[in-house]
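Report on the structure
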Amino acid sequence: SMASPALLMRVVASAYSVAEKAATIVRNVMSAGDLGIVEKAGPNDLQTKADRLVQMSICASLARKFPKVTIIGEEELPTDDVTEDLIEDGHCEEILKKPCPAQYTGIKEEELVIWVDPLDGTKEYTEGLLDHVTVLIGIAYGGKAIAGVINQPYYNYEAGANAVLGRTIWGVLGMGAFGFQLTEAPAGKHIVVTTRSHSSALVNECITALNPDHVIRVGGAGNKIIQLIEGKASAYVFASPGCKKWDTCAPEAILHAVGGKITDIHGNSFQYTKDVKHMNSAGVLATLRNYDYYASRIPNTVKESLVP
């Protein structure tokens, strides 16, 4: 008889379905027309009804199936008033059929930490820049991002009224990443993707030093990693302390699964243990290829300004 799938593959298969449910919630809140916007730390730090409902849905659905896993979400929310219609019990069969990479077959529930950004690109969501929006579920083990799910609820939204909306990208270290076409950025071109709404003198100083051919300013960390893996940008550079662990965990796993690299501005890798601080205070540098080229060009003045 077939051995039951390894825990990691069951978690990823569930996270896939949970992310698809999340996308439906995101689209439903938008089409109902009342976003329920709340300012958290200021006008660029927003929370909507979608952020709240999606986080409750993801965390409650995964906690019910995997009660000993640590789940850390972006929003501060009560956990006890989750209605049954927010629970997603399904899983992706295709993922369960894939063999778990050998180094992860013995993982126990209590060794996993799941980092959840229910709606990455909230500001863009409120402004109608819907392709910037992602739902992020990152899975960490031993402090390292090892698997991730990125859902784009509005992928394809400009393709007309009958287009099928949304897609789910997922990956596991040692296995690869799926749900998109891996593409490298044009050779010899230096295209930098960076923040749209959190710019600063330091952010711009850093980008200028890289002497890019082109700069793309978009919202969402998930969205920026998608730009890298689909060949639209060659580097994601953010010389600022604003990014958090739930922004980078899922994207990191997917980027690393296809041979890319993400670190802070100093070149330190991110840690994802359950007791780690949430802020990635030394910024972000990520590439699919040619990481060293960009890392070597980050000015020391920028590095000195950003303390890990």
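Residues numbered from 1 in each chain as written. Predicted model: local features only at pLDDT ≥ 70, side-chain atom pairs only at ≥ 80, totals over all residues. Heavy atoms only, no water.

Rules: UniProt positions are given in the numbering used here, feature names are shortened, and annotations may be inferred rather than shown by experiment.
Where an unreviewed UniProt entry is consulted, the chain appears under the name 3'(2'),5'-bisphosphate nucleotidase 1, with the organism given as Oxylabes madagascariensis. Comment text from UniProt for the chain, heading Sequence similarities (unreviewed entry), reads "Belongs to the inositol monophosphatase superfamily." Quoted verbatim from the Cofactor (unreviewed entry) heading of the UniProt record, the comment on the chain is "Mg(2+)".

**Thoughts on the packing of aromatic side chains**
Definition in use: Any pair of Phe, Tyr and Trp rings, taking the six-membered ring for Trp, is counted once the centres come within 6.5 Å. Such a pair is stacked with planes under 30 degrees apart, edge-to-face with planes over 60 apart, and tilted for the rest. For helices the rule is a DSSP run of H or I covering at least 4 residues; for strands it is a run of E covering at least 2, with both sets numbered from the N terminus onward. Each residue is placed in one exposure class: buried if its accessible area under a 1.4 Å probe, protein chains only, is under 20% of its type's maximum, exposed if it is over 50%, and partly exposed if it falls in between. Should the NZ of a Lys or the CZ of an Arg lie within 6 Å of a ring centre and within 35 degrees of the ring normal, that charge is described as sitting over the ring.
The full count for this structure, using the stated rule, is 6 aromatic pairs. Ring geometry for W115 and Y272: centres 6.3 Å apart, planes at 70°, overall edge-to-face. One end of the pair, W115, is in strand β4 (residues 112-120); the other, Y272, is in the loop between β12 (261-263) and β13 (284-287), and 157 residues separate them in sequence. Both residues of the pair, W115 and Y272, count as buried. Following the ring pairs from residue to residue traces out a cluster consisting of W115, W246 and Y272. Sitting above the plane of the F178 ring, K98 keeps its charged end 4.6 Å from the centroid. If you follow K261 out to its NZ or CZ, it ends over the ring of Y291, 4.3 Å from the centre.

**Considerations on the sheet that holds strand β9 (residues 191-195)**
Filter applied, for reference: The pairing criterion for strands is at least two bridges between them, as found by DSSP. Here, axes are lines fitted to C-alpha atoms. For helices the fit covers the stretch in contact, and angles between N-to-C directions go from 0 to 180 degrees.
Here we have 5 strands laid out as an open sheet, ordered β10-β9-β11-β13-β12, and mixed in their pairing. Both outer strands of the open sheet, β10 (214-218) and β12, are each paired with one neighbouring strand and no more. Geometrically, the sheet is characterised by an average inter-axis angle of 20° between neighbouring strands, direction not taken into account. Pairing of strand β11 (residues 235-238) with β13 involves 3 bridges; the strand directions are antiparallel.

**Examining the pairing of strand β1 (residues 38-42)**
Of the pairings in the sheet, the one linking β1 to strand β2 (residues 45-47) comprises 3 bridges and is antiparallel in character. Pairing of G42 across the sheet is with D45, part of β2. Once β1 ends, the chain turns through 2 residues before running back antiparallel as β2.

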